[in-house]
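Structural description and commentary
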Amino acid sequence: MALIVQKFGGTSVGSVERIEQVAAKVKKFRDNGDDIVVVVSAMSGETNRLIDLARQISDQPVPRELDVMVSTGEQVTIALLAMALIKVGVPAVSYTGNQVRIHTDSAHGKARILQIDAQNIRRDLEAGRVVVVAGFQGVDDQGNITTLGRGGSDTTGVALAAALKADECQIYTDVDGVYTTDPRVVAKAQRLDRITFEEMLEMASLGSKVLQIRAVEFAGKYSVPLRVLHSFQEGPGTLITLDEEDSMEQPIISGIAFNRDEAKLTIRGVPDTPGVAFKILGPISSANVEVDMIVQNVAHDNTTDFTFTVHRNDYQNGLQILESTAREIGAREVIGDTDIAKVSIVGVGMRSHAGVASRMFEALAKENINIQMISTSEIKVSVVIEEKYLELAVRALHTAFELDAPAGTAE
Ligand code: ADP
Ligand code: ASP
Ligand code: MG
């Protein structure tokens, strides 16, 4: 008999019929003798609908009140799923984050889980109940409702699995595992049987939204066995593992991630003196704007051009700050660009292979795609390109690194 935490995402609980299908699935595991804790997201589209409502009142809703509201989506699905389970004869009970007690810090909209009191859940499991927990939400030490950031139900699932020392955390979604790249963009993408935590963490942080970054971090930190599976199709899914397989057999690249969430800011003709990077980025970071990639070039006239990327939501704010910095330090001009995208290749196999970056650049050059910025780490290479070439770039790289499914096998 195992203790399993099963998380079902928005599309998997997107209608009453689907919720009943989830209940039937959970019942099967129960009938096998397993103890089950289920974590659910809001019905698909619901969190966006709620955020939209708030935005009709204010562009920047008060974070505390926004959390009070967006957390309601999950409250609906826990109750519906508990009812559906009870209807098919499975004793079940629903819990909000506060009722479990999932303690978080007070950072509304991106709260971190600090601790979970799992006694209530344990007691219910011992009494033979299935416990249904609202994902994405917690409570701070003042009793305020908090939320964990978009996609945060994954993190609830993994954190509960860690707290309960579950045998496995299963993330059920609308694809049958983690693919070499988003299967909705590249038809030839292939499901991976396994991927390391390290690679999954890079993939998630570079834009693959199949798992929330914090969920992967948590699972790695607490060694929670984690698997991504399709909600309604049988199959082995993808296991996120600690160990790297023999690097001789390891493909060089495990996956390709991409995102359209960034924007580029450039300050040109900056007098090149010591401390200039700090003068440019200091005010940006004081405004809590996170910087991702950075490039600095020195020109022959002792001035420098400095380019960096920020989240698109921070673009306007970043642009204004940079314009005021430019006036202060006597820079020539400030240029912004929101039509960019970042494409990254990820793989632990890079450690043991040379020439990976140049192979990437060659594949992009063949498609006439200009690279605007580059950044590398031990197991990834990222480039910024013009957004309109994003899908072409991902497909070209997928082929160049021999990730395409053999003809006839793609879904
Ligand atoms: P859920 O609502 O179940 O949490 P998400 O939409 O958050 O589901 O995540 C699943 C989606 O992630 C898939 O529909 C797929 O389009 C997308 N995705 C992006 N990158 C990948 C990848 N490498 N492998 C699988 N799915 C991916
Ligand atoms: N409902 C939340 C969201 O849409 C949390 C989740 O689905 O994981 O972001
Ligand atoms: Mg998700």
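A brief report on the enclosed structure follows. (Residues numbered from 1 in each chain as written. Chains lettered and ligands numbered in written order. Predicted model: local features only at pLDDT ≥ 70, side-chain atom pairs only at ≥ 80, totals over all residues. Heavy atoms only, no water.)

**Quick word on the overall build of the protein chain**
Put simply, the test is: Strands are runs of DSSP state E lasting at least 2 residues, helices are runs of H or I lasting at least 4, and numbering of each runs from the N terminus. Both definitions apply: the radius of gyration is a C-alpha atom measure, and the globule rule equals 2.2 Å times residues to the power 0.38. Relative accessibility thresholds used throughout: buried, under 20% of the residue-type maximum; exposed, over 50%; partly exposed, between the two (1.4 Å probe, protein chains only). Any two residues whose heavy atoms approach within 4.5 Å are treated as being in contact.
What the protein chain contains, in helices and strands, is 13 helices and 20 strands. Taken over the C-alpha trace, the protein chain has a radius of gyration of 23 Å; the compact-globule value for 411 residues is 22 Å, and the two agree within 12%. Seen along its three principal axes, the alpha-carbon backbone of the protein chain occupies a region of about 80 × 50 × 35 Å. Counting only residues that meet the buried cut, the protein chain has 50% of its 411 residues in that class. Taking contacts inside the protein chain between residues at least 6 apart in sequence as the whole, the part at least 24 apart equals 74%.

**Some thoughts on helix α6 (residues 119-126)**
Selection rule: The arc in question is the one spanned by the directions pointing from the helix axis to the C-beta atoms.
Listing the buried residues of α6 in full gives I121, D124 and L125. Along the axis of α6, the buried positions cluster into a sector of 100 degrees, meaning they face one direction only. Those residues of α6 that are exposed and aimed more than 90 degrees away from the buried face are Q119 and E126. If you follow the buried residues of α6, they end up packed against β1 (3-8), β2 (35-40), β3 (92-95), α5 (97-100), β6 (130-134) and α7 (153-163).

**Brief notes about the site of ligand 2**
This is how it is decided: In this text, near means that some heavy atom of the residue lies within 4 Å of the molecule or strand in question. Polar contact is defined as a pair of N or O atoms within 3.5 Å, subject to the rule that within protein one atom must be able to donate a hydrogen and the other to accept it, and that residues adjacent in sequence are counted only when both atoms are side-chain atoms. Accessible areas in this description were obtained via Shrake-Rupley with a 1.4 Å probe; residue shielding takes into account the shown protein chains only. Lys, Arg, Asp and Glu make up the charged group, whereas Ala, Val, Leu, Ile, Met, Phe, Trp, Tyr, Cys and Pro make up the nonpolar group; the residues left over, Gly among them, are polar.
Around ligand 2, the structure places S41, A42, T47, E74, F136, R150, G151, G152 and S153. At a separation of 3.1 Å, an oxygen atom of ligand 2 approaches a polar side-chain atom of S41. A distance of 2.9 Å separates an oxygen atom of ligand 2 from a polar backbone atom of G151. Notes on ligand 2: free accessible area 260 Å², of which the protein chains cover 87%. When the residues that make up the shell around ligand 2 are grouped by side-chain class, the tally is two nonpolar, five polar and two charged.

**Overview of the sheet that holds strand β17 (residues 333-337)**
To be explicit about the condition: Here, a strand pair is defined by DSSP locating no fewer than two bridges between the strands. Axes here refer to lines fitted to C-alpha atoms; in helices the fit is confined to the stretch in contact. Angles between the N-to-C directions go from 0 to 180 degrees.
What the four strands build is an open sheet, ordered β15-β16-β14-β17; its pairing is antiparallel. Whereas interior strands pair on both sides, the edge strands pair on one side only; in this sheet they are β15 (291-298) and β17. Shown here is a sheet whose adjacent strand axes are inclined to one another by a mean of 15 degrees, direction ignored. Where strand β14 (residues 262-271) and β17 come together, five bridges link them in antiparallel fashion. When the bridges of β17 are listed, T266 appears paired with I335. With respect to the sheet, helix α10 (residues 276-286) is in contact with β14, β15 and β16 (303-311), its orientation differing from that of β16 by roughly 25 degrees. Running at roughly 0 degrees to β14, helix α11 (residues 315-329) makes contact with β14, β16 and β17 of the sheet.

**Remarks on the sheet that holds strand β20 (residues 380-386)**
Strands sit in the order β13-β18-β20-β19 across an open sheet of four strands; the sheet is antiparallel. Each edge of the open sheet is held by one strand with a lone partner, namely β13 (255-259) and β19 (373-377). For this sheet, the mean angle separating the axes of adjacent strands, direction not counted, is 20 degrees. Sheet topology note: the β13/strand β18 (residues 340-346) ladder contains five bridges and is antiparallel. For A257, the partnering residue across the bridge sits in β18 and is S344.

**Side note on the nonpolar core**
Test applied: Only buried Ala, Val, Leu, Ile, Met, Phe, Trp, Tyr and Cys residues count toward a nonpolar core, and they belong to the same one when joined by side-chain atoms within 4.5 Å.
Ranked by internal contacts, the top residues of the largest apolar core, which has 44 residues, are V37, I121, V133, L226 and I240. Looking at which element gives the most residues to this core, the answer is α7, with five residues. With near-sequence residues (within four places) excluded, V37 lies in contact with L3, I4, V5, Q6, I121, L125, V131, V133, L160 and L164. Among the nonpolar cores identified, the runner-up in size contains 26 residues, and A341, V356, L390 and F401 belong to it.

**Regarding the pattern of salt bridges**
What counts is decided by this rule: Salt bridges are defined as contacts in which a side-chain nitrogen from Lys or Arg sits within 4 Å of a carboxyl oxygen from Asp or Glu.
Enumeration over the complete set of coordinates arrives at 24 salt bridges. The salt bridge involving K87 is made with E20; its shortest N-O contact spans 2.7 Å. Pair noted here: K87 is in helix α4 (residues 72-87) and E20 is in helix α1 (residues 16-31), with a separation of 67 residues, a long-range link. A salt bridge links D31 to K27; the nearest nitrogen and oxygen atoms lie 3.1 Å apart. Linking D31 with K27, this pair stays in helix α1, spanning four residues, or about one helical turn. You can call D31 exposed: its relative accessible area is 57%. According to the relative accessible area criterion, K27 is partly exposed, its value standing at 26%. Overlapping salt bridges bring together R260, R312, E387, E391 and R395 as one network.

**A short note on the packing of aromatic side chains**
As a reminder of what qualifies: The pairing test for Phe, Tyr and Trp rings, Trp by its six-membered ring, is centres within 6.5 Å, and the orientation test on the planes gives stacked under 30 degrees, edge-to-face over 60, and tilted for anything in between.
For the structure on display, the rule yields three aromatic pairs. Note on F8 and Y172: the rings are 4.8 Å apart at their centroids and 10 degrees apart in plane angle, and the pair reads as stacked. On the criterion of sequence distance, the pair formed by F8 in strand β1 and Y172 in strand β9 (residues 168-173) is long-range, its members being 164 residues apart. Of the two residues, F8 and Y172, both sit in the buried class. Ring centres of F218 and Y222 lie 5.1 Å apart, and the angle between their planes is 35 degrees; on these two criteria the pair is classed as tilted. Classification of Y222 by relative accessible area gives partly exposed; the value is 44%.

**Comments concerning the site of ligand 1**
Around ligand 1 sit 17 residues in total, of which T173, D174, Y179, D182 and R184 are the nearest. Contact distances for ligand 1 include 2.8 Å between a nitrogen atom and a backbone N or O atom of Y179. Contact between ligand 1 and R184: an oxygen atom at 2.8 Å from a side-chain N or O atom of the residue. Protein coverage of the free-state accessible area of ligand 1, which is 570 Å², stands at 83%. Here the residues of the shell around ligand 1 sort into six nonpolar, six polar and five charged.

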